[in-house]
Amino acid sequence: MAGRLHIAPMDLERLLPGLRLEATPITSPNLAPRQPLSMLRLAGGTPTLVTAFWGLTPPWLEVLDHAPHCARAESLAARPMFREAFAARRCLIPASGIYVWKPQPRMKQPFLVTRADRGPLLLAGLWCRYHTSLTEFADSCALITVATPPLLTPLSDRLPALIDAAAAREWLDPATPLEQARALLAPAPGELLGAFPVSRRVNDPKHQEWACGYPTGPMLRATPAQES
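Residues numbered from 1 in each chain as written. Predicted model: local features only at pLDDT ≥ 70, side-chain atom pairs only at ≥ 80, totals over all residues. Heavy atoms only, no water.

Looking up the protein in an unreviewed UniProt entry gives the name Abasic site processing protein, with the organism given as Halomonas salifodinae. Listed in UniProt under the heading Sequence similarities (unreviewed entry), the comment for the protein reads: "Belongs to the SOS response-associated peptidase family." (UniProt positions renumbered as here; feature names shortened; annotations may be inferred.)

The following block contains the structure:
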């Protein structure tokens, strides 16, 4: 499951030509759920970057701490709060990495999952709007998770689904047929991702130094034989 994100500065306008920025992109070396983050959605037919609360918050939710920050791809059709958002309000979360924790006998070792080439990731998500008062509102989101590629299974059994930049508009467009959108929610190709151990300082979200995401060991990645 994705419990923490690494969000470095990214050239999103180069990744998604025509992107409109309605907010300043948020960066963080150690972003925890129930914090604001940058979200991409389609507005007026244009991919648009806005700020959202990380935790899906439908209007009827009474306790903010109960806002789910992840949704399993397999359960999108089963839970009403996910089903409606998946049909009409799909989004992307730009990130540079996802923290996972590998169980070990005496502790859990944090790893940072990134693209093997350290390029940007577009994480699949859902969003909804909730009112903070009679006249004001805020947006919220949750990541969609899928099974982890076999190489990274020892680290975590779930990771956010990745959407290729070439398929971003297709994913964001509510007019895209649901089966077509659902087909984009597949585990990442084995050669796309890698992971390396990082300092256990990342365990505490109060630590916001970029050193939290520095490698403390070699990257685990697919070899040519594994890729084939």
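Once you've had a look at it, read on.
Caption draft 1: Structural detail: the pattern of salt bridges. A full pass over the atoms with the stated rule returns 8 salt bridges. With a closest N to O distance of 2.3 Å, Asp139 and Arg41 form a salt bridge. Remark: Arg41 occurs in strand 4 (residues 36-43) and Asp139 occurs in strand 11 (residues 137-147); sequence separation between them is 98 residues. Like Arg41, Asp139 is buried. Taking the shortest distance from any N to any O, the salt bridge between Asp117 and Arg115 comes out at 2.9 Å. Through salt bridges with shared partners, a single ionic network connects Arg41, Arg129 and Asp139. (Salt bridge = Lys/Arg side-chain N within 4 Å of Asp/Glu carboxyl O. Helix = DSSP H or I, 4+ residues; strand = E, 2+ residues; numbered from the N terminus. Buried < 20%, exposed > 50% of the residue type's maximum accessible area, 1.4 Å probe, protein only.)

Caption draft 2: Just helix 2 (residues 80-88), in detail. Three or more residues of helix 2 are buried, namely Met81, Phe82, Ala85 and Phe86. Within helix 2, the buried residues cover an arc of 120° as seen down the axis, which keeps them to one side. Away from its buried face by more than 90 degrees, helix 2 exposes Pro80 and Glu84. (Arc of directions from axis to C-beta.)

Caption draft 3: Spatial organisation of the sheet that holds strand 3 (residues 28-31). With antiparallel pairing, 6 strands are arranged side by side in an open sheet as 3-1-8-9-13-14. The sheet terminates laterally at strand 3 and strand 14 (220-221), the two strands that pair on one side only. Relative to strand 13 (residues 193-197), strand 9 (residues 108-115) is paired through 5 bridges, and the arrangement is antiparallel. Along strand 13, the bridge assignment pairs Val113 with Ala195. (Pairing = 2+ DSSP bridges.)

Caption draft 4: Main features of unusual backbone geometry. A positive phi angle, near 65°, is found at Arg34, a position not held by glycine. Of the residues examined, Arg34 reaches a relative accessible area of 30% and is grouped as partly exposed. Even without glycine at this site, Arg118 takes up a positive phi of about 65°. Take Arg118: it is sitting in the loop between strand 9 and strand 10 (121-131).

Caption draft 5: How the structure looks around the environment of Pro68. Assignment of secondary structure puts Pro68 in the loop between strand 5 (46-54) and strand 6 (70-72). Among the residues examined, Pro68 registers a relative accessible area of 15% and is labelled buried. Along the sequence, Pro68 and Gly55 sit 13 residues apart, while their C-alpha atoms lie 5.0 Å from each other. In contact with Pro68, other than residues within four places in its own chain, are Gly55, Leu56, Met81, Phe82, Cys141 and Ala142. (Contact = heavy atoms within 4.5 Å.)

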